[in-house]
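One letter stands for each residue in the lines below.
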Amino acid sequence: MPILNSINQMQDEMKTWRQELHRIPEIGLEEYKTSSYIKEKLKKWGIEYKDGYSNTGIVAWVRGTKGNSDKSIGLRADFDALPMTERNNFKHKSTNKGMMHACGHDGHTSMLLGAAKYLSENPDFDGTVHFIFQPGEEGFGGGEKMIQDGLFQDFKIDEVYALHNWPGLKLGQFGVSTGPMMAAVDEFDIVVKGKGGHAAMPDLAVDPVIIASQIINSLQTIISRIINPVDKALISVTKIHGGSAYNVIDDEVKLGGTVRTFKNETRDLIEKKINDTAKGIAIANGGEAEIQYYRKYPATINSKNESIFAGNVAKELVGEKNVITEVEPSMGGEDFSYLLNEKPGSYLYIGQNDNYHNAHLHTTQYDFNDNLLPLGVNYWIELVKKFFQK
Ligand SMILES: [Zn+2]
Ligand SMILES: [Zn+2]
């Protein structure tokens, strides 16, 4: 199916929005300029909205003129950036020091703005479309906070959908699964306490470096020996801090890391085993271990029927062979999971890789592929139209 002509006409405009947003990356729940930018556009097009969700988040809506059905769909785009320094040198590179749109949320926002504009000009459907502009996806739980601030109480939304650009897929491809898409994200800190002393008299000390290194190795065997090998789970120890001199055994070593899982039972089991492993090894060596375990985003699990529906809409646009319907889940995390825990829906990857745009997400040379904008908007519009027909 060819891309709607009026969308092609909007392409330059969308590219401008995308690049303007790319210049002003903001993080956390403090994306004030980005939020104002979105609201300015909505106002200009006469689209109703309510703000203040998760501080800078916005919900806009367009009611179709074809009937009085109370059916409703929610489309979500995240709009926050990352705390990293951009290494690109093109004209639209970041102007905010130490912040960068390295996950393509500038593109997601532009595609949703394009869909809002098009559907407000062409409201030939029976029901209501909600456009959920969400801040703070990158670790700030903006999705959860929007729900706490009344997203689903203030608006009747039956199903929710989100698109994420995916450098691992070619431009013109989609990826979707009828189950897990992204892992649950947890973090932990371990303080290993020993007894400091002279490096040449280890018998008088309890060396926390030795204990910490045994713990790091043993944590990996939780994955390889305790978790069912068919299940997917990951532990990465990403922080280790200790010691200050060549000839001193320090009192303590601090470790930190992340855990990714898909099932609640696995999540519970790993938390318990990290505790048992760290404490047991410390005690066996005459030391102690204190563990803090933090549960962050839940796993992003698509619902089945809505994902089959979303995949079929993609197939009509780009052809059956370009839609990977049981795409491998990613061990990355995503706070659209909170929305999917409340409502049926689907989270899809939209391919963005061509010869030029092949940098991975969260890298300093990443840029959203503007050639993806028309396809993304067209997808949203087809999804909405078919949703109201189903
Ligand atoms: Zn990201
Ligand atoms: Zn992202």
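Analysis parameters
Residues numbered from 1 in each chain as written. Chains lettered and ligands numbered in written order. Predicted model: local features only at pLDDT ≥ 70, side-chain atom pairs only at ≥ 80, totals over all residues. Helix = DSSP H or I, 4+ residues; strand = E, 2+ residues; numbered from the N terminus. Rg over C-alpha atoms; globule rule 2.2 N^0.38 Å. Buried ≥ 20, exposed ≤ 12 C-beta atoms within 10 Å, placed from the backbone. Contact = placed C-beta atoms within 7 Å. Domains from an automatic or database assignment. Nonpolar A, V, L, I, M, F, W, Y, C, P; charged D, E, K, R; others polar. Pairing = 2+ DSSP bridges. Axes fitted to C-alpha atoms, helices over the stretch in contact; angles between N-to-C directions.

Looking at the overall build of the chain
Part 1 of the argument: Counting its secondary structure elements, the chain contains ten helices and 16 strands.
Part 2 of the argument: Compactness check: the chain gives a C-alpha radius of gyration of 24 Å against a globular reference of 21 Å for 390 residues, within 12% of the reference.
Part 3 of the argument: Expressed as lengths along the three principal axes of its C-alpha atoms, the size of the chain is roughly 80 × 45 × 40 Å.
Part 4 of the argument: Burial statistics for the chain: of 390 residues in total, 46% are counted as buried.
Part 5 of the argument: Sequence separation of at least 24 residues holds for 80% of the intrachain contacts in the chain that already meet a minimum separation of 6.

Details of the domain arrangement of the chain
Part 1 of the argument: One can read the domain layout of the chain as domain 1 (5–181 + 299–389) and domain 2 (184–295).
Part 2 of the argument: Averaged C-alpha coordinates put domain 1 and domain 2 at centres separated by 38 Å.
Part 3 of the argument: Classifying every residue of the side of domain 1 that touches domain 2 gives four nonpolar, one polar and no charged.

What about the sheet that holds strand S10 (residues 233–242)?
Part 1 of the argument: The strand order across the open sheet built from four strands is S10-S12-S8-S13, with neighbouring strands paired in antiparallel fashion. Where the open sheet ends on each side, the last strands, each with one partner, are S10 and strand S13 (288–295). Within this sheet the neighbouring strands show an average axis-to-axis angle of 20 degrees, counted without direction.
Part 2 of the argument: In this sheet, strand S12 (residues 252–261) lies alongside strand S8 (residues 184–193) in antiparallel orientation, the contact comprising ten bridges. By the bridge assignment for S12, Glu 187 is matched with Thr 258.
Part 3 of the argument: With respect to the sheet, helix H6 (residues 208–226) is in contact with S8, S10 and S12, its orientation differing from that of S10 by roughly 170 degrees.

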